[in-house]
Amino acid sequence: MSSEFHRPVLVREVCEALTPALVRAEAPVFVDATCGGAGHTLAVLAAYAAARPDGPKLRAIALDRDEEALAEARQKVPADVELVHSSFRHLPAVLEAAGVAAATAILADLGVSSHQLDTGARGFSFQADAPLDMRMDPSRGMSASQLLADISVGELTRILRDYGEETDASRIATAIVAVRPTTTGVLAKVVAAAMSAPQRRKLGLRIHPATRTFQALRIRVNDELGELDALLSAAPERLQVGGRLGIITFHSLEDRATKQRFSALTRAEQPPPGLPIAARDLPQPRFVVPAGYRQGAAPGDAEVAANPRSRSSRLRVVERALP
Ligand SMILES: C[S@@+](CC[C@H](N)C(=O)[O-])C[C@H]1O[C@@H](n2cnc3c(N)ncnc32)[C@H](O)[C@@H]1O
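In this text, all values refer to a predicted model and were calculated from it rather than measured experimentally.

Turning to its location among the elements, Arg-218 is positioned in helix 11 (residues 211–221). Given a relative accessible area of 13%, Arg-218 falls into the buried group. With near-sequence residues (within four places) excluded, Arg-218 lies in contact with Gly-111, Val-112, Phe-124, Met-134 and Glu-224.

See below:
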C-alpha cells in the first residue's frame, strides 16, 4: 500500500488539543476511533513523547471499521498499538474488552479516507466504473446497489435532500429508481442526465453532477449520522476527568450534530425564575469547551492549499471537568 493512503488533516491542531490532557494523566490512554492510515495516531504518539519524554507509557488503542485501514496501520504503528476492527458505535464495548474504564483522549476524524475514495473497486467514486458498494466495512451491512434495488422514490428523495443537500433530489431519485443502477458508472450517468440544466450550470465544470448523490448514498449506506450520534452519546462518559474528546467534521450535518451535543454537555444550569439562588450555587457543568476552541479549529491557508480535502474540516473539542 502506498504512502498516499491518506493525508491527515489538522494534525498540529489535533496534537495541540489532545496533548495537554495526555501529559497531565497518570496512566494516559489515547483512543483513535478512526485510525485510517494512522497519520493522527502516529502524530499524537510523537507529540506525547516530545512533551513528556520521561513520562508514563502512553497506551494507544486505534479502531476502524475498515480492515484495509487496519492492515495499512499495522505496517506503520509500533507493535504495542492495539488495533481493533470495530465501528466506533461500539466504543464502550471495545474499551471494556481492553480493560479500560475511561480514556484520556479520544479522537474521531469522520468520513472516508482517500484510500477508500481512490480505490475504484470499493464503489465510492464516480471516477471509476465498479460495483456500487460504498460500505466502509464490506463484511457487513447493505451495499449501495442493494439499497437501490428496492428503495422508493420518496425515500431516495429524502436521502438525497437530507444527506446530500441536493436541490434536484426528486428528479434524480425518479431517474435512479427507473434504472436501479448497480455500478458507479451507470449511477453517475443517470444522475448527470437527470439533473436540470440550471442546476448543472450552477455546479459548473468543477463539480461533477453526481457528487452530492454519491455523498448522500455513502452517508446512508454507512449510517454515518447514526454512528456519530452513538459516539457523541457514549464518548464523553468514557473520558477520565481532565480527558478530552476531539471530533473532526467535514460537512454541516456532522458539524451541527457535534456542536449541538457539545453545547448541551457544557451548558450551565440556570436558576429557576423567582427563586433567590445564584447561578454559582447550582451544580457546574461536568464538561467544558477548552479556551480557544469555542468555534473549533479550522485549517490555515497553507494547509488548504497543500491538501484541498481539508477545506471543509473543523476540529471541535470538549473536556471532562468533573466526575
Ligand atoms: C478520514 S479517515 C481517518 C484518517 C486518519 N485519521 C489518518 O490519519 O489516516 C476516516 C476513517 O474512519 C473510518 N471510519 C469511518 N466511520 C467509522 C466508524 N463509525 N467506526 C470506525 N471507523 C470509521 C473509515 O473507515 C476511515 O478509515
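What follows picks up the thread again.
The subject of this paragraph is the UniProt feature "binding site: S-adenosyl-L-methionine" (unreviewed entry) in the protein. UniProt annotation of "binding site: S-adenosyl-L-methionine" (unreviewed entry) refers to Ala-38, Gly-39, His-40, Asp-64, Phe-88, Asp-109 and Gln-116 when read in the numbering used here. Inspection of the secondary structure assignment puts Asp-64 in strand 2 (residues 59–64). Apart from residues lying up to four places away in sequence, Asp-64 is in contact with Thr-34, Cys-35, Gly-36, Ala-69, Leu-70, Val-84, His-85 and Ser-86. Polar contacts involving the side chain of Asp-64 include one to the main-chain amide nitrogen of Gly-36, which spans 2.9 Å. Relative to the helices and strands, Gln-116 is located in helix 5 (residues 114–118). Setting aside residues no more than four positions away along its own chain, Gln-116 makes contact with Asp-66, Arg-122, Phe-124 and Met-136.

Adjacent strands of a sheet pair through backbone hydrogen bonds, lying either parallel or antiparallel. Judged by pairing direction, the sheet is mixed, and its seven strands sit side by side in the order 3-2-1-4-5-7-6 without closing on themselves. Only two strands of the sheet have a single neighbouring strand rather than two, namely strand 3 (82–85) and strand 6 (287–288). Relative to strand 3, strand 2 runs parallel, the two sharing four bridges. The partner of Asp-64 across the bridge, within strand 3, is His-85. Sheet strands touched by helix 3 (residues 67–76): strand 2 and strand 3. Its angle to strand 3, the strand with the most contacts, is close to 165 degrees. Sheet strands touched by helix 13 (residues 252–266): strand 5 (239–249), strand 6 and strand 7 (314–320). Its angle to strand 7, the strand with the most contacts, is close to 20 degrees.

Rules used throughout
Residues numbered from 1 in each chain as written. Predicted model: local features only at pLDDT ≥ 70, side-chain atom pairs only at ≥ 80, totals over all residues. Heavy atoms only, no water. Helix = DSSP H or I, 4+ residues; strand = E, 2+ residues; numbered from the N terminus. Buried < 20%, exposed > 50% of the residue type's maximum accessible area, 1.4 Å probe, protein only. Contact = heavy atoms within 4.5 Å. UniProt positions renumbered as here; feature names shortened; annotations may be inferred. Polar contact = N/O pair within 3.5 Å; in protein donor to acceptor, adjacent residues only side chain to side chain. Pairing = 2+ DSSP bridges. Axes fitted to C-alpha atoms, helices over the stretch in contact; angles between N-to-C directions.

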